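Notes for the structure review
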Amino acid sequence: MQKIIKTQKGGFNFYQKDQDIDYWQVIDDYIHGRIVSKDLGSGNIDRSVAMLNIDGRHLIIKCEKERDKRLEKRLMRMISGPYYSRLLHRLVKAQNQGCMITNDIYFIAEKVKCRESVETWIIAEFVEGRVLTELEDITPYYFEIETIINQLHAYGLSSNDIHAGNFVLTDNGLKVIDLSDYGNLTICKVNDLIALKRFYGIEPTKKSLIYRLIMFRDNFRHWSRKMRGKKTRL
């Protein structure tokens, strides 16, 4: 059974699955350029993503400083608490139940103020394989995508950001990466089902009341914007 060890250092709360590696030292080496890395780009000055090479092993390192300053978003974060440490606990619980369909997370460091993480470092597994965006035709993988998302939901997790770039074709089949199920998990799961329908034409087998309400809201927004001559994503 995997367990999470929590420690504190330098104003950060550490959450770690493996004591054999000093991940904070890895972060310090990365910051000061003492370790081989490749910037993967994030498109956001408050977020960085890179791939590290440690003794021939590839890892992903992320730094998150982005915070939505809208009052309702801040209140939600204060109520729910830091996201990534909660994600790690849910991921370990799922892995202890046999979940092997998403990338692993090894280490989280969170600097918390008023229950908000103002700086978060994540070290995670780099999944070897081909990202689906590299393929010309991904329709043969639609059923596997649907199956993985349904399994993810059964384990108490959600992608909440379904697109071809978050699926990697490995020697053992597809894996979903970069989970971002912030907020209410039920709504995140519904967002997954809506994305499956919108992008891949996959109808959910069950349509809950929450699903129908969100679909009604999205359709209303679509037609409202269309009538006003504005662009819409539907």
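Model, not experiment: these values are computed from the prediction.

If you look at the biggest cluster of nonpolar residues, it comprises 38 residues, and the most contacted ones within it are Ile105, Leu132, Phe167, Leu196 and Tyr200. Breaking this core down by element, the ones donating at least two residues are helix H3 (83-96), strand S6 (105-113), strand S7 (116-125), helix H4 (142-154), strand S10 (173-176), helix H5 (185-200) and helix H6 (209-227). Per-element accounting of this core gives the leading share, 7 residues, to H3. Each residue touching Leu196, except ones within four places of it in the same chain, is listed here: Ile145, Glu146, Ile149, Ile162, Gly201 and Ile202.

Moving on to H4. Taking 1.5 Å of rise per residue, 13 residues should cover 18 Å, and H4 covers 19 Å from first to last C-alpha, within 8% of that figure. Looking only at H4, the buried set comprises Ile145, Glu146, Ile148, Ile149, Leu152 and His153. Each buried residue of H4 sits inside an arc of 165 degrees when the element is viewed along its axis, so together they form one side. What points out from H4, more than 90 degrees from its buried face, is the exposed set Phe143 and Ala154. Of the residues one or two after H4, Gly156 is the one with positive phi, at around 80 degrees.

On to the packing of aromatic side chains. In the structure shown here, the tally under the stated rule is 11 aromatic pairs. Ring geometry for Phe14 and Trp24: centres 4.9 Å apart, planes at 35 degrees, overall tilted. Here the residue Phe14 occupies a position in strand S2 (residues 12-16), and Trp24 occupies one in helix H1 (residues 23-31), the gap between them amounting to 10 residues. A ring pair is formed by Tyr84 and Tyr182, whose centres lie 6.3 Å apart and whose planes are at 85 degrees; its orientation type is edge-to-face. Here Tyr182 lies in the loop between S10 and H5 and Tyr84 lies in helix H3, a separation of 98 residues in the sequence. Looking at Tyr182, the relative accessible area reads 41%, which means it is partly exposed. One aromatic cluster is present, formed by Phe12, Phe14, Tyr23, Trp24, Tyr106 and Phe107 through successive ring pairs. Looking at Arg57, its charged tip hangs above the ring of Tyr106, at a distance of 4.9 Å from the centre.

About the thresholds
- Position numbers for residues count from 1 along each chain, tracking the sequence in the order it is written.
- Since the coordinates come from a predicted model, pLDDT governs what is reported: local features require at least 70, and pairs of side-chain atoms require 80 or more to be given and counted, while whole-chain, interface and lining totals use all residues.
- To obtain the side-chain values, all non-hydrogen atoms of the structure were included, while hydrogens and water were left out.
- The definition of a nonpolar core used throughout is a set of buried Ala, Val, Leu, Ile, Met, Phe, Trp, Tyr and Cys residues joined through side-chain atoms within 4.5 Å.
- With a 1.4 Å probe rolled over the protein chains alone, any residue whose accessible area is under 20% of its type maximum counts as buried; one over 50% counts as exposed, and the rest are partly exposed.
- Numbering of helices and strands runs from the N terminus, with a helix taken as a DSSP run of H or I at least four residues long and a strand as a DSSP run of E at least two residues long.
- We call two residues contacting when some pair of their heavy atoms lies within 4.5 Å.
- Given a helix with a known number of residues, its expected span is that number minus one, times 1.5 Å.
- The directions from the helix axis to the C-beta atoms form the arc being described.
- The criterion for an aromatic pair is that two Phe, Tyr or Trp rings (for Trp, the six-membered ring) have centres within 6.5 Å, with stacked assigned to planes under 30 degrees apart, edge-to-face to planes over 60 apart and tilted to the rest.
- Ring-over charges, as used throughout, are those where CZ of Arg or NZ of Lys falls within 6 Å of the ring centre and within 35 degrees of the ring normal.

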